[in-house]
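Given next are the chains, with one letter for each unit.
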Amino acid sequence: MSELKITERQDEDVTILILHGNLVFGEANQELRESIRHLLIEGKRKIYLDMKGVAYVDSSGIGELISGFTAINRKNGEFKLLNLSPRILELLKICKLLAIFVTE
């Protein structure tokens, strides 16, 4: 899968964005950024990314995760990464990002 597909699900006051594909430079990052921005405009403050279907994240994708975290944090929101693969979890560990991201 080279493109990213995003499905939205609501669970009480939590909006879960279910990602399928690769989080890489290009349209995938723009789509995720726009999805988060749109949710914040709607007043959603608890936004979780279900990354079970994400096979690969490049440095640009990491940057987009940080950007999403920052945008949500500025609105006093809650941002979590769910269902990370061991490979992506290790990448976040190497980048020392597990200190800022809440993961489940």
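Heads up: these notes are all about the structure in this document. (Residues numbered from 1 in each chain as written. Predicted model: local features only at pLDDT ≥ 70, side-chain atom pairs only at ≥ 80, totals over all residues. Heavy atoms only, no water.)

## Some thoughts on the sheet that holds strand β4 (residues 78–82)
Okay, step 1: With respect to topology, five strands assemble into an open sheet ordered β1-β2-β3-β4-β5, the strand pairing being mixed. Unpaired on one side and paired on the other, β1 (5–11) and β5 (102–103) mark the two borders of the sheet.
Okay, step 2: Two strands pair when backbone bridges link them, and β1 and strand β2 (residues 14–23) are joined in this way by seven bridges, in the antiparallel orientation. Paired with Gln10 across the two strands is Thr15, which belongs to β2.
Okay, step 3: Against the sheet, helix α2 (residues 59–74) engages β2, β3 (46–57) and β4, with an angle of about 150 degrees to β4.
Okay, step 4: Packed on one face of the sheet, helix α3 (residues 86–94) meets β3 and β4 and runs near 110 degrees to β3. (Pairing = 2+ DSSP bridges. Helix = DSSP H or I, 4+ residues; strand = E, 2+ residues; numbered from the N terminus. Contact = heavy atoms within 4.5 Å. Axes fitted to C-alpha atoms, helices over the stretch in contact; angles between N-to-C directions.)

## Description of the packing of helix α1 (residues 27–41) against α2
Okay, step 1: Where α1 contacts α2, the axes come no closer than 10 Å and their chain directions differ by 5 degrees. In terms of orientation, α1 and α2 fall into the roughly parallel class. The residues of α2 that touch α1, namely those facing Asn29, Leu32, Arg33, Ile36 and Leu40, are Ser60, Gly61, Glu64, Leu65, Gly68, Ala71 and Ile72.
Okay, step 2: The class makeup of the residues in the contact of α1 with α2 is six nonpolar, four polar and two charged. (Parallel < 35°, antiparallel > 145°, perpendicular 65-115°, else oblique. Nonpolar A, V, L, I, M, F, W, Y, C, P; charged D, E, K, R; others polar.)

## Comments concerning the pattern of salt bridges
Okay, step 1: Per the counting criterion, the structure on display carries six salt bridges.
Okay, step 2: A salt bridge links Glu64 to Arg33, with the shortest nitrogen-to-oxygen separation between them at 2.7 Å. Taken together, the residues span a long stretch of sequence, with Glu64 in helix α2 and Arg33 in helix α1 at a distance of 31 residues.
Okay, step 3: With a relative accessible area of 38%, Arg33 lands in the partly exposed category.
Okay, step 4: Here Lys80 makes a salt bridge to Glu104, at a shortest N to O gap of 2.7 Å. Taken as a pair, Lys80 in strand β4 and Glu104 in the segment after β5 lie far apart in primary sequence, 24 residues in all. (Salt bridge = Lys/Arg side-chain N within 4 Å of Asp/Glu carboxyl O. Buried < 20%, exposed > 50% of the residue type's maximum accessible area, 1.4 Å probe, protein only.)

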